[in-house]
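The primary structure of each chain is shown beneath.
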Amino acid sequence: MVKTREQTSRDCVVVGEVANSTPPTDACIPVDDLNKHTLVTGATGTGKTFTVATIVNRLTEGEYSVFFKPLILDWHGEYSSLLHDPEVKDPFHLPITLLSRDEEYYSVEFASQVLGLTPAQEYVLLKSLESLGGEENLNIADLVEILEGMADESAWFRESRLSLMRKLRRLTIGGYKELFSGGDLDLEVSSNKPLVIDLSKIGDLAIRRVYVAAFLKKIFDKALRGGFNSRRLLIVVEEARNLLGRDNYVEILVKMLDEIRKFGVGIVIVSQSPSALVEDVMANTSTKIVHSIKSAVDLEVLDKVVNMTSEIREILPYMDKGEAVLFSSFYKKPLLIRIV
């Protein structure tokens with residue numbers, strides 16, 4: 001049942017109002033569905049960031065603020081001015097590790113996916129880890145030093161070692177060394193304030209991608225160990241194509257989409273183009289908020305996974321900024337809404 005603004009449902013977060021409704025009627029996302037992941041998509045300039053900020057503000061200012069902790073991975077540094085009283089963190093003050101002794105092969109597999117390593121480079125990486133001693137969290141600069149001194153077993157080994165060094169050395173240049181020199185990720189989740197990680201501080205986009213991937217892996221690993229049992233985490237992943245794109249996805253993160261919801265972590269995936277994302281994203285997002293889309297390819301992808309009526313398909317390319325179509329289990333059919 002749709003609720004009016006004077007009678008907002010206790011079981012949902014109001015994201016806007018149903019367009020052309022008389023009297024004005026709230027458009028809601030069920031609170032329980034936040035844990036089942038949300039996709040916010042639409043062309044550039046259609047209002048995706050404002051939509052996400054609205055959801056976060058309503059969540060942190062409502063009765064559910066004691067149960068949820070929003071965490072925004074702010075790719076462009078936009079959210080601090082849109083959120084009410086956020087806690088903004090510089091990623092250089094939240095250093096992490098790309099590699100760890102805990103489940104070493106799993107750690108190397110993850111690093112391989114993020115850095116685009118070949119099987120031969122993976123082998124060299126594992127060999128170098130054997131020479132690093134017993135530290136639990138592995139320093140990239142120390143690893144590069146080990147690689148520099150390794151004896152070459154063959155010509156292919158030398159070529160793989162040198163190319164691996166080039167990829168790792170990029171993570172140690174200047175201040176970027178500090179990004180990957182931390183231990184376990186220590187997040188304060190008791191505060192009601194949304195936590196914003198301002199990723200725009202990382203100028204190199206490739207390094208930004210590596211940091212976000214490693215950050216998410218730390219979050220997921222902690223969740224699987226029961227680290228967020230006292231409070232649900234809602235993670236906003238901006239520019240999701242950098243991690244979940246069809247051509248460059250991190251497989252471990254894709255697999256986590258299905259698993260992590262069981263451990264109190266929901267994800268809001270934000271992307272300009274649904275067709276640019278790996279298919280699992282569409283399948284594993286319960287709620288979809290679609291701003292104006294003009295691409296025929298994107299419309300076709302949406303058509304395959306949601307209840308796209310002919311009327312909705314016709315209006316999607318022509319909607320104004322701030323308008324969207326809400327696909328939610330809360331309603332029997334998609335709704336045209338205005339984000340307010």
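These numbers come from a predicted model, not from an experiment. (Residues numbered from 1 in each chain as written. Predicted model: local features only at pLDDT ≥ 70, side-chain atom pairs only at ≥ 80, totals over all residues. Heavy atoms only, no water.)

Engineer: Is there a simple way to explain the overall build of the protein chain in this structure?
Structural biologist: Looking only at helices and strands, the protein chain has 12 helices and 13 strands in total. Its C-alpha radius of gyration of 22 Å places the protein chain within 12% of the 20 Å reference for a compact globule of 340 residues. Its C-alpha atoms put the protein chain at 75 × 45 × 30 Å along the principal axes. Here the protein chain holds 340 residues, and 55% of them are scored as buried. Long-range pairs, those at least 24 residues apart, make up 73% of the contacts in the protein chain with a sequence separation of at least 6. Taking the average location of the 40 positive side-chain charges in the protein chain and that of its 49 negative ones, the two points are 2 Å from each other. (Helix = DSSP H or I, 4+ residues; strand = E, 2+ residues; numbered from the N terminus. Rg over C-alpha atoms; globule rule 2.2 N^0.38 Å. Buried < 20%, exposed > 50% of the residue type's maximum accessible area, 1.4 Å probe, protein only. Contact = heavy atoms within 4.5 Å. Lys, Arg positive; Asp, Glu negative; His and termini not counted. Charge placed at Lys NZ, Arg CZ, Asp CG, Glu CD.)

Engineer: What's the story with the packing of aromatic side chains in this structure? I'm lost.
Structural biologist: Each aromatic ring pair is characterised by the separation of its centres together with the angle its planes make. Taken as a whole and assessed by the stated rule, the structure comprises 8 aromatic pairs. Ring geometry for tyrosine 64 versus phenylalanine 67: centroids 6.5 Å apart, planes at 55°, classification tilted. Take tyrosine 64: its relative accessible area is 18%, and that puts it in the buried class. Put simply, the rings of Tyr123, Trp156 and Phe157 pair up and form one aromatic cluster. The aromatic ring of tryptophan 75 is capped on one face by arginine 208, whose charged end is 5.2 Å from the ring centroid. (Phe/Tyr/Trp six-rings, centres within 6.5 Å; stacked < 30°, edge-to-face > 60°. Lys NZ or Arg CZ within 6 Å of the ring centre and 35° of its normal.)

Engineer: Where do I start with the pairing of strand S4 (residues 68-74) in this structure?
Structural biologist: Consecutive side chains of a regular strand alternate in pointing toward one face of the sheet and then the other. Judged by how many residues are buried, S4 sits mostly within the fold: 7 of 7 residues are covered. Sheet topology places S4 next to strand S9 (residues 232-237); 6 bridges connect them, and they run parallel. From the neighbouring strand, leucine 73 faces S9, where its bridge partner is valine 237. As paired strands, S4 and strand S8 (residues 195-198) are joined by 4 bridges and run parallel to one another. In the strand pairing of S8, aspartate 74 is matched with aspartate 198. (Pairing = 2+ DSSP bridges.)

Engineer: Is there a simple way to explain the layout of surface pockets in this structure?
Structural biologist: The rolling of a water-molecule-sized probe over the atoms marks out the regions of remaining empty space. Estimated volume of the second largest pocket: approximately 310 Å³. In terms of lining residues, the second largest pocket is bounded by 16 residues, among which Gly45, Lys48, Thr49, Glu78 and Glu238 are the most central. Breaking the lining of the second largest pocket down by element, the ones donating at least two residues are helix H1 (48-61) and strand S10 (265-271). Taken together, the residues of the lining of the second largest pocket sort by class into 3 nonpolar, 8 polar and 5 charged. (1 Å grid on protein atoms, 1.4 Å probe; cavity = no way out; pocket = protein on both sides within 12 Å on 5 of 7 lines; lining within 4 Å. Points joined across faces, edges and corners; volume = space filled by probe spheres on them. Nonpolar A, V, L, I, M, F, W, Y, C, P; charged D, E, K, R; others polar.)

Engineer: Is there a simple way to explain the nonpolar core in this structure?
Structural biologist: In this structure, Tyr211, Phe215 and Ile219 are the most contacted members of the largest nonpolar core, which totals 85 residues. In terms of residue count, the dominant contributor to this core is helix H7 (residues 205-224) (11 residues). Sequence-distant contacts of tyrosine 211, that is, excluding residues within four places in its chain, are made with Pro91, Leu94, Ile96, Leu179, Phe180, Ile197, Leu199 and Ile202. With 33 residues, the next largest nonpolar core counts Val40, Leu83, Val270 and Ala324 among its residues. (Core = buried A, V, L, I, M, F, W, Y, C linked by side-chain atoms within 4.5 Å.)

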